[in-house]
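One letter stands for each residue in the lines below.
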Amino acid sequence: MSEATANPAPVGTNAAPHRKERVGFVVSTKMQKTIVVRVDRRIQHPRLKKVITRSSKLYAHDEKGEARTGDTVRVRETRPISKTKCWQLVEVVSRADED
């Protein structure tokens, strides 16, 4: 394999690697600087062909503590911060209704 195909970034640039981003709902903020985000995805059942919802729980780093339970947030993949936490809060997309 040649070196040109092995390195996708041009030589001499400090381009950041592409990181995954997900949008989800904050389920819990009970830990210090950590939020739990539920990310839903819709898939088609292989046999029944019915659209079903699957969800994943992501542990994300919230340095400033700006997210609250019920908020819609955007998280980005990052280096492992702890055993279970490898996502980081990017922004709060929308706030939960205060009642």
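Let me begin by describing the structure that accompanies this report.

Rules of the game
- Residues numbered from 1 in each chain as written.
- Predicted model: local features only at pLDDT ≥ 70, side-chain atom pairs only at ≥ 80, totals over all residues.
- Heavy atoms only, no water.
- Helix = DSSP H or I, 4+ residues; strand = E, 2+ residues; numbered from the N terminus.
- Buried < 20%, exposed > 50% of the residue type's maximum accessible area, 1.4 Å probe, protein only.
- Polar contact = N/O pair within 3.5 Å; in protein donor to acceptor, adjacent residues only side chain to side chain.
- Contact = heavy atoms within 4.5 Å.
- Pairing = 2+ DSSP bridges.

Let us now look at the environment of R19. Take R19: it is sitting in the loop between α1 (3-6) and β1 (21-31). Its relative accessible area of 34% is what places R19 among the partly exposed residues. The spatial distance from the C-alpha of R19 to the C-alpha of E77 is 5.5 Å, given a sequence separation of 58 residues.

A word on the side chain of D71. Summarising the element assignment, D71 is placed in the loop between β3 (51-61) and β4 (72-77). Residue classification places D71 among the buried residues on the basis of a relative accessible area of 1%. A polar contact is formed between the side chain of D71 and the backbone nitrogen of R68, at a distance of 2.8 Å. Polar side-chain contacts of D71 include one of 2.8 Å to the backbone nitrogen of A96. Ignoring any residue separated from it by four or fewer positions in sequence, one finds D71 in contact with G24, F25, V26, E66, V92, S94, R95 and A96.

A separate point is the pairing of strand β5 (residues 85-94). Bridging between β3 and β5 involves three bridges; their strand directions are parallel. Residue pairing across strands places Y59 opposite K85, the latter belonging to β5. In this structure, β4 lies alongside β5, joined through six bridges in antiparallel fashion. Its bridge partner lying in β5, T72 is registered against S94.

As far as function goes, none of this settles anything; it's purely spatial.
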